[in-house]
Amino acid sequence: MTDWIALIEEAGRWRALSVDGTGAITGSRTNPSPRPLLPQTDPQTEVVLAAASVGLETRALPCTPLPEGAWPVAEIADRALPALPGLLQTQPRDPITPPEAARIAGILAGAPQFDGVIWICGATALWAHISAGEVVSAARAGSAAILAGLGAELDAGTAFDAALSDALSRPERASRDLGALALNGQSERAAGAVLGLELAATRPWWLGQPVLALSSPTAPGWGEVCLRALQSQGAQVTLGDGEAALIAGLAQARNR
C-alpha cells in the first residue's frame, strides 16, 4: 500500500517512487514530464519532491543536506509541492543536486556521527566531505559520463586494474588506453584509465579518509567498479545502496 510518493528529477528524467509505511519502494514509474506521474484520482496523495530544475534557490556550503527552517514550495504540473533545494559550493563552483542532497541526508539519518567522504558514483560523480552533520565541501567528476560518451562499457577486470594503476602513477599513459578503446574496443582499459584520472584528481578526498561509495541509477553497476578501484588503492571504502539512501533522506524530510 502506498503511503507517500517521491517525485525525483535526475539526469533529465522524472521518476515517481511509491513508498509504503516501512520505507520500502512498492512501485516506480518514469516519464520525461512530471505531470503523468502525479496522482490523478487522489490529488491529496502526499508527495515529497526532489527536483533539480524547479527554480529554487540553492543553499551555500557548508550546510546540512536538508533545510533546517521552512521548506520551499515549487509549482510542478499545476501542483504546489514541498521541494528539496540543491546545494552549492561557490569556490570552486560545484553544485549538489536535490537527489544527491537527499542521499547524503539518508546516510546521516542512519549514521549521524559519520565523518568522512560520501562518493556518489553517478554519471557525474559527487565527492562530498561530511563533518559534524554538514556538507563541508564538494568536488565533481564525470568518469562514467565520459565513458558513455565514448561508447565504452563500464567493465572491470585485469586490464582495468592495470590501466587504473598506470593512470594513477603515469597519467600521461591514459591517452594510450583511451586509444586502445578506439582501435579495438578495449572498454576495461578505457574505464581504468578514466577512473584512474578521477582518483588522481581527488586523492586528498580519499587518502586516509573513510569513504562511503553510493550506487546511482544514472550509472548502473558503476558503484561496484568504483569500489574495486578504491579498494585496490588500500582506501577505507564501503559500498552503500544509493536508492535506499535517497528514500531514507526523503523520509526524513517528510517527517519534518
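Being a predicted model, the structure only gives us computed values, none of them experimental. (Residues numbered from 1 in each chain as written. Predicted model: local features only at pLDDT ≥ 70, side-chain atom pairs only at ≥ 80, totals over all residues. Heavy atoms only, no water.)

Colleague: Please provide a residue-by-residue account of the pairing of strand β6 (residues 73-76), values included.
Modeller: Burial along β6 is one-sided: Ala74 and Ile76 are buried, while Val73 and Glu75, pointing the other way, are not. Where β6 meets strand β7 (residues 79-84), four bridges bridge the pair, whose relative direction is antiparallel. Of the residues in β7, the one forming a bridge with valine 73 is proline 82. Counting the residues in the hairpin turn of β6 and β7 gives two residues, including alanine 77, whose phi is positive at 50°. (Buried < 20%, exposed > 50% of the residue type's maximum accessible area, 1.4 Å probe, protein only. Helix = DSSP H or I, 4+ residues; strand = E, 2+ residues; numbered from the N terminus. Pairing = 2+ DSSP bridges.)

Colleague: Please set out the sheet that holds strand β8 (residues 87-89) residue by residue, giving values where relevant.
Modeller: The mixed open sheet is built from three strands, whose spatial order is β5-β8-β9. Across the chains shown, the open sheet's two edge strands, defined by having one partner strand only, are β5 (59-60) and β9 (94-96). Sheet topology note: the β5/β8 ladder contains two bridges and is parallel. Bridge pairing in β8 links alanine 60 to leucine 88.

Colleague: Account for the sheet that holds strand β14 (residues 236-240), naming residues and giving values.
Modeller: Taken together, five strands build an open sheet; the order of strands is β12-β11-β10-β13-β14 and the sheet is mixed. Pairing within the sheet leaves two strands with one partner each, and these edge strands are β12 (134-141) and β14. Across the sheet, the axes of successive neighbouring strands diverge by a mean angle of 20°, strand direction being ignored. Examined bridge by bridge, strand β10 (residues 116-121) and strand β11 (residues 125-131) share five bridges and lie antiparallel to one another. Within β11, the position partnered with tryptophan 119 by the bridge is tryptophan 127. (Axes fitted to C-alpha atoms, helices over the stretch in contact; angles between N-to-C directions.)

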